[in-house]
Amino acid sequence: WERIKQEGKMVVGLDDAFPPFGFRNDKNELVGFDIDLGEALAERLGIEIEWQPAEWSGIIMSLKTKKFDAIWSGMSVTEKRMEEVNFTTPYIGSAQVIILASDNNNIKGPKDLVGKVVGTQLGSTGEVACGKLEGLKELKTFDVFTEAINDLKTGRLNAVVIDDITARYYLQQQPNAFKILDDILSYEPMAIAVRKEDPTLLKVLNEEIANMIQDGTYKAISEQWFAEDMSQYLNK
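Given the structure is predicted, the values throughout are model-derived calculations rather than measurements. (Residues numbered from 1 in each chain as written. Predicted model: local features only at pLDDT ≥ 70, side-chain atom pairs only at ≥ 80, totals over all residues. Heavy atoms only, no water.)

Draft legend 1. Highlighting the layout of surface pockets. By volume, the largest pocket amounts to about 490 Å³. Thr78, Lys80, Arg81, Gly123 and Val128 are, among the 21 residues lining the largest pocket, the residues nearest its centre. Sorting the residues of the lining of the largest pocket by element identifies helix 3 (59-64), helix 4 (79-82), helix 5 (125-130) and strand 12 (178-194) as the ones contributing at least two each. Of the residues belonging to the lining of the largest pocket, the class tally is nine nonpolar, seven polar and five charged. Approximately 170 Å³ is the volume found for the second largest pocket. Looking at the second largest pocket, the residues that line it are Gly93, Ser94, Ala95, Asp164, Arg168, Ile184, Tyr187, Glu228, Met230 and Tyr233. Those elements that place two or more of their residues in the lining of the second largest pocket are strand 8 (92-101), helix 7 (164-173) and strand 12. The dominant element in the lining of the second largest pocket, judged by the number of residues it contributes, is strand 8, at three residues. When grouped by side-chain class, the residues that make up the lining of the second largest pocket number five nonpolar, two polar and three charged. (1 Å grid on protein atoms, 1.4 Å probe; cavity = no way out; pocket = protein on both sides within 12 Å on 5 of 7 lines; lining within 4 Å. Points joined across faces, edges and corners; volume = space filled by probe spheres on them. Helix = DSSP H or I, 4+ residues; strand = E, 2+ residues; numbered from the N terminus. Nonpolar A, V, L, I, M, F, W, Y, C, P; charged D, E, K, R; others polar.)

As C-alpha cells, then:
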C-alpha cells in the first residue's frame, strides 16, 4: 500500500469480458459495476487504477507474480483460492445457476443434465460447480463466458453454468433468448483478492469499501447496474 500510495496508482487485474462486472461496450470502453466501484474507491484514496485484462484461468498466478496489485473482477471466495490469496470482506453476493435457451423445456433441474453438453468458463467457480454434476455427456470450458453464451444460442450447448448476476445481465439484454433455472448450485460471495504478503493493502480496501457502503456511494453505483442496493444481500 505504501508503494501504491507513493506512485499514486494501483494496477488491478480483471476479466474484461465479464458483464456486468467488467466488460467492453460498443466503443471498446471498459465499463461495469466493478469498474465504477473501483474508480470511486480510487478517487477516495487519492490514487488511480490501471485496469489490466488477464486470462481468468491464470489470473491468480499473475497476481502472485506481481503483474498487478489486486484482482477485482467478480471473483468468488472459495477455500481453494483462500489458500493462495487473501480476500477482502465480500462486497457482493452471487450464486451459481443454470441457464438455458428459452425454448428448452426438457431441462427443469440439475438431474436433467445427464447426457447433456454443458459449458462454463475455464478456471471459474462455475467449472467447480459443474464438477459436481453427474452424468454429463461433455463439459466444455471457455476462456470467457461470452463464448459459452454464443454456443448456447447456436445450440452447441444444452446449458451454461454461470453466476446469477451475470445470468440476469444476459437475460436483461436478450429477454427472449434465455431462461434461468430456479436451482442454486452454490452460493458464493465475491471479493477483491490481494497477495498474502499485502495485509496493509487489504486493510485499506476493507475500510474504504465499508465506508462506501455506509455513506451511500455503493448504493448509488449498485442501483445504476442492478436497480437495487446489492449490499442488502451480503449478510443473508
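Draft legend 2. Representation of unusual backbone geometry within the structure. With an omega of 0°, the peptide bond between proline 19 and proline 20 qualifies as cis. Along the chain, the position of proline 20 falls in the loop between strand 2 (17-18) and strand 3 (22-24). Positive phi values are uncommon outside glycine, yet lysine 66 reaches one of about 65°. Looking at where lysine 66 falls in the secondary structure, it is placed in the loop between helix 3 and strand 6 (70-76). For alanine 227, which is not glycine, the phi torsion reads 65° and is therefore positive. Take alanine 227: it is sitting in the segment after helix 9 (217-226).

Draft legend 3. Molecular detail of the packing of aromatic side chains. Tallying each qualifying case throughout the model produces 10 aromatic pairs. Look at phenylalanine 33 and phenylalanine 226: their rings are 5.1 Å apart centre to centre, the planes differ by 65°, and that puts the pair in the edge-to-face class. Of the two residues, phenylalanine 33 is situated in helix 2 (residues 33-45) and phenylalanine 226 in helix 9; the sequence distance between them amounts to 193 residues. No difference in accessibility class separates phenylalanine 33 from phenylalanine 226, as the two residues are buried. What links up through ring pairs into an aromatic cluster is the set Phe33, Trp51, Trp72, Tyr91, Tyr218 and Phe226. (Phe/Tyr/Trp six-rings, centres within 6.5 Å; stacked < 30°, edge-to-face > 60°. Buried < 20%, exposed > 50% of the residue type's maximum accessible area, 1.4 Å probe, protein only.)

Draft legend 4. Structural detail: empty space enclosed by the protein. Tallying each qualifying case throughout the model produces one cavity of 30 Å³ or more. The computed volume of the largest cavity comes to approximately 100 Å³. Taken together, 14 residues line the largest cavity, and the ones lying closest to its centre are Phe18, Gly74, Ser76, Ser124 and Thr125. Only strand 6 and helix 5 provide two or more residues apiece to the lining of the largest cavity. Per element, the largest residue contribution to the lining of the largest cavity is three residues, and it comes from strand 6. A class-by-class count of the residues in the lining of the largest cavity yields five nonpolar, seven polar and two charged.

Any functional reading would require information that these geometric values do not contain.
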